[in-house]
Amino acid sequence: MQQDVTIQDLTLGQGKAAERGALITAHYRGYLADGSEFDSSYKKNAPFQVVLSNKRVIQGWIIGLQGMQVGGKRKIHVPAHLAYGERAIGDMIPANSDLTFEIELLEVLTRDD
């Protein structure tokens, strides 16, 4: 049976909600199943800005950020098939890896802004 993304709200936001197709700005940390950090926008000292679409982010982010409001912090567990699947990403993410992200949503822009 395929797992789905599990979502844990750490802090509820008050602002605009993320949705597919929105341009979001977020800080995040990404972890492998063993707890080791593979990526962090905090370490780069720059928030991550991306459109929530299939060409730009993993499916798990689109599902996991849906409805999250600006100012919120959320932990999402993304099973491998909704992350990178059988692809390894550089030396950092082995193939078939379940991933966990802690995401802080800073801004959401949609077409009606």
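Quick caveat: nothing in here was measured; it's all calculated off a predicted structure. Sequence order as written defines the numbering, with residues in each chain counted from 1. Restriction of local features to residues with pLDDT of at least 70 applies here, the model being predicted, together with a cutoff of 80 or more for giving and counting side-chain atom pairs; totals for whole chains, interfaces and linings are based on all residues. To get the side-chain values, all heavy atoms of the structure are used, and hydrogens and water are removed first.

1. A few points about the layout of surface pockets
Cavities and pockets are defined on a 1 Å grid built over the protein atoms alone: a cavity is a set of grid points where a 1.4 Å probe fits but cannot escape, while a pocket is an open set with protein on both sides within 12 Å along at least five of seven lines, and lining residues are those with an atom within 4 Å of any such point. Grid points are joined across faces, edges and corners, and a volume is the space filled by probe spheres set on the points. Of the voids in this model, the largest pocket is the one considered here, and its volume is about 230 Å³. Every residue lining the largest pocket is counted, 13 residues in all, and those nearest its centre are Tyr28, Phe38, Asp39, Tyr84 and Phe101. In the scheme used here, Gly and all other residues not listed as nonpolar or charged are polar, with Ala, Val, Leu, Ile, Met, Phe, Trp, Tyr, Cys and Pro taken as nonpolar and Asp, Glu, Lys and Arg as charged. A class-by-class count of the residues in the lining of the largest pocket yields eleven nonpolar, no polar and two charged.

2. Some words on the environment of Ala80
Among the structural elements, Ala80 can be located in the loop between strand S5 (73–78) and strand S6 (99–109). In this analysis, two residues are considered to be in contact whenever any of their non-hydrogen atoms come within 4.5 Å of each other. Ignoring any residue separated from it by four or fewer positions in sequence, one finds Ala80 in contact with Gly85, Asn96, Ser97 and Asp98. Only DSSP runs of H or I with at least four residues qualify as helices, and only runs of E with at least two residues qualify as strands; both kinds are numbered from the N terminus onward.

3. Topic: the pattern of salt bridges
Each reported salt bridge corresponds to a side-chain nitrogen of Lys or Arg within 4 Å of a carboxyl oxygen of Asp or Glu. Applying the stated rule across the entire model yields five salt bridges. Asp39 serves as the salt-bridge partner of Lys44, at 2.9 Å between the closest nitrogen and oxygen. Only protein chains enter the accessibility calculation, which uses a 1.4 Å probe; a residue whose area is less than 20% of its type maximum is buried, one above 50% is exposed, and one in between is partly exposed. Take Lys44: its relative accessible area is 54%, and that puts it in the exposed class. Linking Glu102 and Lys75 is a salt bridge whose minimum nitrogen-to-oxygen distance equals 3.9 Å. Highlighted residues: Glu102 in strand S6 and Lys75 in strand S5, separated in sequence by 27 residues. One network of salt bridges, in which partners are shared, links Arg29, Glu37 and Lys43.

Geometric descriptors of this kind do not, in isolation, establish any biological role.
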